[in-house]
Amino acid sequence: MRLRNLILGAVCAAALTTPALAQSLTAITGGRVLTGTSVIENGTVVIQNGRVVSVGTGAAPSGARVIDARGKVVAPGFVAVDSGLGASEISSVGGSDDQTNGANTISASFDVSYGLDPWSFTLPVARLGGITRAIVVPGHPGGGGGNHRDDGDADFAGVGAAGLQAPSLFAGQAAVIHLAQGTDILVKPRVAMVAPFGEAGAGVAGGARGAEFTQFKETLAEVRLYARNRAAYDRAGLRELSLSRADLEALIPVANGTMPLIVTVHRAADIQQVLRLAREEGVKVILDGAEEGWLVADQIVAAGVPVLLNPISNLPGNLETRAVRMENAAALDAAGVVIAIKGNEGSIHRARETRYNAGNAVSHGLPYEAAIEAITVNPAKIFGMAGQIGELRAGAAADVVVWSGDPLEPLSNAEVIFIGGAEQAPTSRQFLLRDRYRTGGEGAMPPAYTR
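Parameters and conventions
Residues numbered from 1 in each chain as written. Predicted model: local features only at pLDDT ≥ 70, side-chain atom pairs only at ≥ 80, totals over all residues. Heavy atoms only, no water. pLDDT = per-residue confidence, 0-100. Contact = heavy atoms within 4.5 Å. Phe/Tyr/Trp six-rings, centres within 6.5 Å; stacked < 30°, edge-to-face > 60°. Helix = DSSP H or I, 4+ residues; strand = E, 2+ residues; numbered from the N terminus. Buried < 20%, exposed > 50% of the residue type's maximum accessible area, 1.4 Å probe, protein only. 1 Å grid on protein atoms, 1.4 Å probe; cavity = no way out; pocket = protein on both sides within 12 Å on 5 of 7 lines; lining within 4 Å. Points joined across faces, edges and corners; volume = space filled by probe spheres on them. Nonpolar A, V, L, I, M, F, W, Y, C, P; charged D, E, K, R; others polar.

Our focus in this paragraph is the confidence of the model for the chain. For the chain, the mean per-residue pLDDT works out to 88, and 87% of the residues sit at or above 70. Within the model, pLDDT remains below 50 along residues 17-22, and this stretch shows 13 contacts once partners closer than five positions in the same chain are excluded. Ignoring residues within four places in sequence, the model shows residues 145-166, a span with pLDDT below 50, making 69 contacts including any to other chains.

Attention shifts here to the packing of aromatic side chains. Per the stated rule, a full pass over the model turns up five aromatic pairs. Judged by centre distance (5.8 Å) and plane angle (20°), the rings of Phe 78 and Trp 403 are stacked. Here Phe 78 is found in strand E6 (residues 78-83), whereas its partner Trp 403 is found in strand E16 (residues 400-403), with 325 residues between them in sequence. Across the pair, exposure class does not vary: Phe 78 and Trp 403 are buried alike. Among the aromatic residues, those joined into a cluster by ring pairs are Phe 170, Phe 197, Phe 213 and Phe 216.

Positive phi, close to 55°, is recorded for Asp 82, a residue that is not glycine. As for its position among the elements, Asp 82 is in strand E6. A positive phi angle, close to 60°, is found at Ala 236, a residue other than glycine. Overall, Ala 236 belongs to the exposed group, its relative accessible area being 67%.

Right, let's talk about the layout of surface pockets for a bit. In this model, the second largest pocket occupies a volume close to 370 Å³. In this structure, the second largest pocket is lined by 19 residues; those nearest its centre are Val 125, Leu 128, Arg 352, Ser 428 and Phe 431. Put simply, the parts of the chain that give the lining of the second largest pocket at least two residues each are helix H2 (122-128), helix H10 (354-363) and helix H13 (429-439). Its residues assigned to classes, the lining of the second largest pocket comprises eight nonpolar, seven polar and four charged.

Put into structure tokens, the structure is as follows:
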């Protein structure tokens, strides 16, 4: 009996960790195809070798495995933004949280990709919500996604070990992951830097917003000084700098405008100042939160800055979000701002609700097509992966989900899931536990229960 129990446990684990083998050529036919930018009725999506081969209305190629999607919806896999998937299991259990770093000697150089867990129980749950890729961000004060620390006394600035910033203005670097079963989920590390602004950023800098902007400018000046004088720095011929060498190196791409800076900001006035700062310093920014963004939508679009938002934010939790409204997504989109819709509570355990949030945005004025773009092609565009993920087009990664109905309808289910062309098991640890205890019988309980 003990051997049988061990075998059962191994089988359950394999169901979550072993990628399903897909035939080299697969055609999904007859469904309503949402490409991410258009709709094809009675469409055919052909995938092979991990890529989309074609999207159209033709017949399935000879010899292909055919999946009948008549009466169903075929869509690209969704992209979770501002997420903690794979980096945090239980935020209150420190040993399972590799998303937040508290050391002042490592801040901007903190690379969240080194803490990713391909066996995280959160990944299969998100997959069942149609999520196939995610932008994983470091935790930081004042944010609306990821595992962000609460604002408090610990966030106020001071001089820490070695005379370095404590805490730093920068939380670290984000990464792109895929959610396929396997041993390596990293797609691309260091895709963006993360920093809090507004009230949380002011707390980090000492209590006032003006202090943070001044400190930010001084930090970038130091980074540029270091980049021009590495040799002098190596021989201790440069003045003392407020960041470690690792952090200075990590910020060079931000200072020269090649790495975007995800700026957590909520108040309209703070958004204006961040846009001004980006213009003055030549920094490429992505606004995260922007609950009052609709008030300054014209300025955001003029600056060419995208926004990551939660469209169901509708109650002012503090003075930073006095003008929050559920029409924010619709207003920003109507103005021409590129938006990406987030999940709830850090897009970890509730990342699967990203599609619900997109549906709520539609009910408050966002066009349906724009809502689909906000969870597919827009995140890809914002994070430099346009045409590679989040879209059904020839050459893109074969992240394809067949839905029982409208994917923005909560009662619809993901019936078939492909990530990178590999079909995924439509299950999760929760479903496996449900089946174990519902079925009962010999071998249903863990070995320790029989003692």
